[in-house]
Each structure stands twice: as structure tokens, then as C-alpha cells.
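# Summary of the model geometry
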Amino acid sequence: MASNLACIGLDVWRRSDFRDMVAAARSEAETIAKDGEVGVHVWTDVSGARLIITTEGDLVRAVTPTFYAAPGAVISEPQAVDGGLVLAELVNDQDEVITEIACQLEELALLGSAPPPVRGPVSVVVLGNSTQVTGRADGAAPGLVFEPTGAYSRSTDAVAHLTGVVLAVERRAVGRTGQAFTAARVQTDGFHVTLCVPAGKPELTTGDVVEVDGYVVVSIPALRA
């Protein structure tokens, strides 16, 4: 079972190492929102590994790992819920609902001030806590599934189960840690996600069919405009 941090090459074992890593990232981060003492800062490594750091004064209140990815879906009417999460729908070109999604949103602090309705391209990153290669897609893709397993539970969480076909694979490495990870573009049920896993866990190649349980973080670039 890979941790969220391990999926983007930032695995640390000790709290002191984690604090040092976050402090260094914060000093290099871009501030995307500021409201009094509360700030939201985005650090992006050259590998694409990313940390969303929420601060209150000098204190770090939350750190969300994710990855800088190209949009692969269209989001509609995201709504903030308790726990700092977002519930939303992903839609197709005809504005038909593909699925609901429970996720972390990079730009959560900007959502409340955005004029409604909020709709547009979104990157969907899945940190593959559990990932298995179950076969190969020869020609036609098999039945693909995206299930927001945390959207319907009593305690909402930013998790999902999906099956998909790997379209492209890139191996990345974080200079600060020396750790490598894999970023794969995956076709799932009606849209694309970017799947991040520790390098070799498992080895992924184009055409692999994968089954994934993972943590979901999205970014709506238009909210920063």
C-alpha cells in the first residue's frame, strides 16, 4: 500500500524530515490565495510533484500531495463540503453526467468567490495507493469503471476505485529526495486521469489495463485566472 507522498517521490519516514521538506517547499511556493492569516501555497517540483500547503500565520495547517497534470475531464458545479473536500460532477461534451466525484481541490480557497456556475476543464490526479496490472487492452478497451467510493460513504473522503487503460507512461524523479515515480495517463470511464505510483510498483507500459484504489486531487485552472 503506497502512501500519497510515495506516489510522487516524496516519501519520508520521520516527522522531522517531513517538516523540513514542507518548510523548504513553502519557501519556494507560489501563493494562490490569502485571507487574513490563512494562505494557500503551491509548490511544484520540476518532476511535476506538487504540494498544496495551507498555512495560518506561521503554522502549517494542511499539506496535500498531488501532481501537475494536463486537464482530462470537464467538471460541473463543484461544491465544498465538510472536511475541506469537494463534491462535483464530471460531464461529457453534451453536458451529460459521467460520474460524481469526491476530491481534494487545489483551488478550494478560490471556489467560494468564483461566479457561478463553475464549469470547465479539470485535471484529475489519482495517487495510486493500490495499483495492479490486470491485463492488456488489445484494440477495443474493456469495460472501464470509475467509482467515487468516498462520495457515498458516511464519512466522505477523496478516494475512488477505477479500472483503466494506460495511454502513456513517464518516469519522473524528485531531485530533493532522489526518489523516482511513474506518471501515467489513463483512460477510464469517459475521461482521462493522471495516475501516479512509486517507480516499479507496478511497472506500467502503454496498453496495460490497471485496477486502482487511490486518492483523488483535482485542479481547475480557470479558478486562478
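Quick look at the pairing of strand β13 (residues 208-219) now. The element β13 is largely enclosed, with a buried count of ten among its twelve residues. Bridge count between strand β7 (residues 97-105) and β13: two bridges; the pairing is parallel. Each bridged residue has a counterpart across the sheet, and for Q104 the counterpart in β13 is V217. Two strands pair when backbone bridges link them, and strand β8 (residues 119-136) and β13 are joined in this way by eleven bridges, in the antiparallel orientation.

Turning our eyes to something else, we now look at the nonpolar core. Among the nonpolar cores identified, the biggest contains 37 residues, and I101, V122, V124, V186, V216, V218 and L223 are the most heavily contacted of them. Take this core: its biggest share by element is four residues, from β13. Ignoring anything within four residues of it in the chain, the contact list for V186 reads L162, G164, V165, V166, F191, H192, V193, L195 and V210. Counting 25 residues, the second-largest nonpolar core is a separate cluster that includes L51, L85, V174 and V217.

Let us now look at the layout of surface pockets. Computed from the structure, the largest pocket encloses a volume of approximately 240 Å³. Lining the largest pocket are 13 residues, and of these T54, G84, Q104, L105 and L108 lie nearest its centre. Listing elements by their share of the lining of the largest pocket, those giving two or more residues are β3 (49-56), β4 (59-67), β7 and α2 (108-111). Along the lines of polarity and charge, the residues of the lining of the largest pocket split into seven nonpolar, five polar and one charged. A volume near 190 Å³ is recorded for the second largest pocket. If you trace the second largest pocket, you find 13 residues lining it, with F67, E170, R172, A183 and T194 closest to the centre. Elements with a contribution of two residues or more to the lining of the second largest pocket: β10 (159-173) and β11 (180-187). Per-element tally for the lining of the second largest pocket: the top contributor is β10, with four residues. A class-by-class count of the residues in the lining of the second largest pocket yields eight nonpolar, two polar and three charged.

The next point concerns the packing of aromatic side chains. One pass over the full model with this rule turns up two aromatic pairs. With centroids separated by 5.9 Å and ring planes inclined at 80°, the aromatic side chains of F67 and F181 adopt a geometry described as edge-to-face. Here F181 lies in strand β11 and F67 lies in strand β4, a separation of 114 residues in the sequence. Like F67, the residue F181 is buried in the burial classification.

What counts and how
All residue numbers refer to positions counted from 1 along the written sequence of the respective chain. pLDDT decides what is reported in this predicted model: residues at 70 or higher carry local features, side-chain atom pairs at 80 or more are listed and counted, and totals for whole chains, interfaces and linings draw on all residues regardless. With hydrogens and water excluded, all non-hydrogen atoms of the structure serve as input to the side-chain values. Residue burial is assigned from relative accessible area. The probe radius is 1.4 Å, only protein chains are included, and a residue is buried under 20% of its type maximum, exposed over 50%, and partly exposed in between. In this description a helix means any DSSP run of H or I spanning at least four residues, a strand means any run of E spanning at least two, and both kinds are numbered starting from the N terminus. Pairing between two strands is assigned when DSSP locates at least 2 bridges connecting them. For the purposes of this section, nonpolar cores are sets of buried Ala, Val, Leu, Ile, Met, Phe, Trp, Tyr and Cys residues that join through side-chain atoms within 4.5 Å. The contact definition used throughout considers only heavy atoms, calling two residues in contact when any of these lie within 4.5 Å. A cavity here means a set of points on a 1 Å grid, drawn over the protein atoms and nothing else, where a 1.4 Å probe fits but cannot get out; a pocket is an open set with protein on both sides within 12 Å along at least five of seven lines, and a residue lines either one if it has an atom within 4 Å of a point. Grid points are joined across faces, edges and corners, and a volume is the space filled by probe spheres set on the points. Each residue gets one of three labels, nonpolar for Ala, Val, Leu, Ile, Met, Phe, Trp, Tyr, Cys and Pro, charged for Asp, Glu, Lys and Arg, and polar for the others, Gly among them. Ring geometry is summarised as follows: Phe, Tyr and Trp rings, the Trp one being its six-membered ring, pair when their centres sit within 6.5 Å, and such pairs are stacked at plane angles under 30 degrees, edge-to-face over 60 and tilted between the two.

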